[in-house]
Amino acid sequence: MIPGQQTATPALVEGIREQAPAARDAAGAARAYLGTKQARYRIADPGRDLEPVKTVSADGQETVRLRQKYHGIPVLGGQYVVRMEKQNGDRVVTGTSGKYFTGLRTGTTAEVDDALAVERAVDAVLSGLRAQDFTAYTQDTQDTQETQDRPPLTGTSHGLVVLPKGPGVLTRHVTVQGEDPAHGEPVLREVYIDARAGYPVLQYSGIRTFGTPAAGGRNAAQRSLAAEAAPAEAGSGVKLDGRSVELPVTHDETRGAYVLRDRSRIHNDTDNALATWDARGMWASDVVGTWPADIQEFASPTPAFGADATEAGAVDAHWAAGQVYDYYRNKHGRDSLDGRGMAINSLVGVTDYGQPYVNAFWDGQKMVYGNGDDEYRPLSAGLDVVGHEMTHGVIEHSADLVYAGQSGAMNEAIADYFGNAIETDAYGIPANDPDAALLGQALCRTKSARECAIRDMNDGRTTAKSFTGVGFGTDNGGVHLNSTIFSGALWDIREDLDPALADRIVYKALTEYLTPIDGFTEGRAAVIAAAKALNVGGRDLTSVQRAFNAHGIVPNWELALGVDSDLLLERVNTTDSQVGAGGGWWAASTSDEKGAEAYSVWAGRTDGTGQLKLMSPNDGRYHVNPATDGRTVVWQAHGSDGVDILARPVAGGPVKVLWHGRSVGNALDVDGDVVAFAYNNQGGRAGVAYLSLKDPANKVQLGGGTYRRATFPSVSDGKVVYQDRRRVRAEQDRQGVRAEQDRQGVRAEYESTTRMIDVATGEETVIQQAAPGADLGPTALTGDHVYWLLDEINQNGVTTLRRAGLDGSGVTDLSPESGPDALNVSTVTASEEAVTMTARTPDTEIRNESLSKLWQFSPTGTGDAVRRSRVSCNRGEQLSAAAAPGTQVLWLDATTGISNLVTRTRPTGSCA
């Protein structure tokens, strides 16, 4: 028996044969059995607290999945599995596994309703998109007809869900979908809003993509098509690799044509079919999470589909979907993705906002394949790609591994494993072929297989040397970054054992052992237990165990990850909160060890000495994004009625409310008596306000209107620097034709400037006016210099870090936007002795080297005299940098898979 983590219910029980009580069905027997074993399972009332999800029966075996409910509310990831044998009407329990959280104690009364939860969820997704790309702050102000017609993000509430952190966090689950307002890319995010304070405590993408960024059936209209159709006929087509293949097709009497609709495979009374749809001309954002209007299946006047279907990737998609269906049906007895004969729909030819889309995804309802580009064929050209995406559907309808963090990396790993298993079987490729472990290797027109491949399961990655800790805002917590650690172990098993046996082991682990929020260690245990259940022993069982050992997937592997930084605060356990530093003190937001408590703001000394000080009240609100100058800490408090800006002296004293409003940005700063912060009006119109700690009611507001926005404030020595963007009067304005021009979709003219205000005198200095079309980003201010980010060469994946004197003189690019060393800079922080930026390489492939890292410069020097150094060589994401005096920097480091507040007093130099 393997004990559970943070629960009294065991994670795995095997090697038992215990009689289950008589019951009407398998789910009833499973729950009754758990009720008779209170001492072992510690589930007080299985009939009340476990809801049947699915029962799978085959060859006298029954696997029952049960979903945990807490006072009637679903628990995220709470799922328990009971495995039984049925003989002569009696049932014998042979094992159990999963997660049932026995420590939940949270209340179940929500103070945030669905409408407010949806509003906060949409705001959180927009904030996350802006954090990844500051140009989103400025591009949404361009009032052309194109941007006015672009649909906004929308949210749908699914009701209350308990997050199993410590005693539990009561949340409202909201799905946000639409498109990125800056780039038009598809958005489908699952967001969990604290149901008492209205703060987003968890969010991740619901789009399961094949590569890193470069409901069960069809709707009524689709079913009616199938119901009216004739039986499948023999058709044909040519794949993109030149091979001729047979295609089951249907003659559609309404259209008077043959369509890619296969009714020969799925055998049930629903008339479901395997169909391939023409999505050419549609954007990926048009189809994600919804069924597009007026879409039709690919059609041909004869059963022989011609070059049009070939070049679109439709022939490949239709043929490959049949191959994947047959693999699961013939090898594992599974009828379609859900095991119950659901329709299989493939949409082919989508674009990225009208541009080439080199990716594919499963969105919970269907497969969607990009149109490719000059080098990459349509993504359906890879049988492994199609197998990968359809396996995401199998996973969703079995273990339902949450697509984030380690469970998401296992989701990707298993999809990779079966995608390649299906491809190698179909083409007769030996498992030990040098290219057998490559994914997407057949997609390219000119590149070799190895140059073309998106991933390689034989890349030798291990937890100790390769695991990369990132937040959920990057690759959903590393679902692609870390997937080959786990898939590499699975593929090693396939190379060492009979491939068919390896496939049965992995499939059994997926469908009978794994549960939604399992990590690598639980995944190892599930695969080994599945192997034992299939009577694998001796050398073969040793090979299974050795495969996981070789990739570092062993109990407590996380403890072996090393860092070169000093720890200030362990397990911060917060989402989307910044760090502040100044005057020898730091301020950070943190939760309890389990991440269950509403966040509190703490302060401590940057040298690590002395006691930590709690700055915020324990009032159930989320206290985040603190800033400090060593004398005062200011921060945001998010509650159900809005947001407060609060302040408290480091030395102690009462908490003062400085401002109350609907929504704020992350930027907040304090120096002496001056506080500046970013806020958002209704509709997300960005503004900046600054005020005096002594007289907060007398605040000054900048921007926040329809035609003027202000963002990214910083404060130092009685001055405030910020970014200003306003619409300027053009010639056509003076001629009185602006309204007519706007109706015709002409882009309004905007002026973007970096500005500084002397708070005492009100005098404003334009540090620099940006070139037309440039986007301005975060700022930093010291007694001698202004630093800011800008993007002048839009869409090239890099940005500039610029420096100027307080009068706007001596403009120098510390990190230019062009050249071999150009980086995508996202934030900047500065002391009098050093300026530090958070930046990543412009690689489209997400890997450790392209994650956010910290770089430091001297505040002086120009041209070739400007030198930069890496602050830390820690593996993983480095975020929320805050400059302390001298060259010391503090940041949130995710190397170990959890966020810790760490520091270095000087940069490390270069990282090999």
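Here goes a summary of the coordinates provided. Since this is a predicted model, take the numbers as computed values, not measurements.

Re the overall build of the chain
The helix and strand tally for the chain stands at 21 helices and 50 strands. In terms of overall dimensions, the chain is globule-like: its C-alpha atoms have a radius of gyration of 29 Å, near the 29 Å expected for 912 residues. For the chain, the spread of C-alpha atoms along the three principal axes comes to 90 × 70 × 50 Å. Taken across its 912 residues, the chain has 58% of its residues classed as buried. Carbon and sulfur atoms form 47% of the exposed surface of the chain, whose accessible area is close to 34,500 Å². Charge centroids of the chain, computed over 87 positive and 116 negative side chains, lie 5 Å from each other.

Description of the pairing of strand β6 (residues 154-163)
Bridge count for β6 against strand β7 (residues 169-179) is eight bridges, and the pairing is antiparallel. Paired with serine 157 across the bridge in β7 is valine 174. The hairpin turn running from β6 into β7, its antiparallel successor, is five residues long, and glycine 166 in that turn takes a positive phi close to 55°.

Focus: the sheet that holds strand β36 (residues 708-716)
The four strands are arranged β36-β37-β38-β39 in an open sheet whose pairing can be described as antiparallel. With one partner strand each, in any of the chains shown, β36 and β39 (764-769) form the two edges of the open sheet. Recorded for the sheet is a direction-independent mean angle of 25° between the axes of neighbouring strands. Of the strand pairs in this sheet, strand β37 (residues 719-727) and strand β38 (residues 750-758) are connected by nine bridges, and their pairing is antiparallel. Across the sheet, residue lysine 719 finds its bridge partner in β38, namely aspartate 758.

Side note on the nonpolar core
Among the nonpolar cores identified, the biggest contains 93 residues, and Tyr369, Phe520 and Phe548 are the most heavily contacted of them. Those residues in contact with phenylalanine 520 that sit more than four places away from it in its chain are Gln406, Ala409, Met410, Thr463, Phe467, Asn482, Ile485, Phe486, Ile553 and Trp557. Within the second largest apolar cluster, 19 residues are counted, among which are Ile16, Ala20, Ala29 and Met84.

Notes on the state of the cysteines
Under the counting rule described, the total for this entry stands at two disulfides. The side chain of cysteine 444 participates in a disulfide bridge whose partner is cysteine 452; the two sulfur atoms lie 2.2 Å from each other. Taking the sign of the torsion about the S-S bond as the criterion, the disulfide between cysteine 444 and cysteine 452, at about 90°, is right-handed. Just as cysteine 444 is buried, cysteine 452 falls in that class too. The connectivity of the disulfide-linked cysteines in the chain, indexed sequentially, is 1-2, 3-4.

Topic: the environment of aspartate 384
Looking at the secondary structure, you find aspartate 384 in helix α11 (residues 383-396). A sequence separation of 37 residues divides aspartate 384 from alanine 421, and the C-alpha atoms of the two residues are 8.0 Å apart. Those residues within four positions of aspartate 384 in sequence are excluded, and the remaining contacts are Gly419, Asn420, Glu423, Leu438, Leu439, Gly440 and Gln441.

Concerning α11
Along its 14 residues, α11 runs 20 Å from first to last C-alpha, staying within 8% of the 20 Å computed at 1.5 Å per residue. Among the 14 residues of α11, 13 are classified as buried, and the element is accordingly described as predominantly covered.

Here's the deal with the pattern of salt bridges
A side chain with one charge can pair with a side chain of the opposite charge if their charged atoms come near. This structure, assessed with the given rule, holds 43 salt bridges. Among the ionic pairs, arginine 455 bridges to glutamate 412, the shortest N-O distance being 3.5 Å. Pair noted here: arginine 455 is in strand β22 (residues 455-456) and glutamate 412 is in helix α12 (residues 405-427), with a separation of 43 residues, a long-range link. In this structure, arginine 455 and glutamate 412 share a single accessibility class: buried.

Considering the packing of helix α16 (residues 483-496) against helix α17 (residues 499-512)
Axis separation between α16 and α17 bottoms out at 7 Å; the angle between their running directions is 145°. Handedness of the α16/α17 crossing: right-handed. The residues of α17 that touch α16, namely those facing Leu490, Ile493 and Arg494, are Pro499, Ala502, Asp503 and Val506. Residue composition of the contact of α16 with α17, grouped by class: five nonpolar, no polar and two charged.

What counts, and at which threshold
- Residues numbered from 1 in each chain as written.
- Predicted model: local features only at pLDDT ≥ 70, side-chain atom pairs only at ≥ 80, totals over all residues.
- Heavy atoms only, no water.
- Helix = DSSP H or I, 4+ residues; strand = E, 2+ residues; numbered from the N terminus.
- Rg over C-alpha atoms; globule rule 2.2 N^0.38 Å.
- Buried < 20%, exposed > 50% of the residue type's maximum accessible area, 1.4 Å probe, protein only.
- Areas by Shrake-Rupley, 256 points an atom, 1.4 Å probe, with all protein chains shown as cover.
- Lys, Arg positive; Asp, Glu negative; His and termini not counted.
- Charge placed at Lys NZ, Arg CZ, Asp CG, Glu CD.
- Pairing = 2+ DSSP bridges.
- Axes fitted to C-alpha atoms, helices over the stretch in contact; angles between N-to-C directions.
- Core = buried A, V, L, I, M, F, W, Y, C linked by side-chain atoms within 4.5 Å.
- Contact = heavy atoms within 4.5 Å.
- Disulfide = S-S within 2.5 Å.
- Expected span 1.5 Å × (residues − 1).
- Salt bridge = Lys/Arg side-chain N within 4 Å of Asp/Glu carboxyl O.
- Left-handed = near helix turned anticlockwise from the far one by under 90°.
- Nonpolar A, V, L, I, M, F, W, Y, C, P; charged D, E, K, R; others polar.

That is the geometry; function is a separate question.
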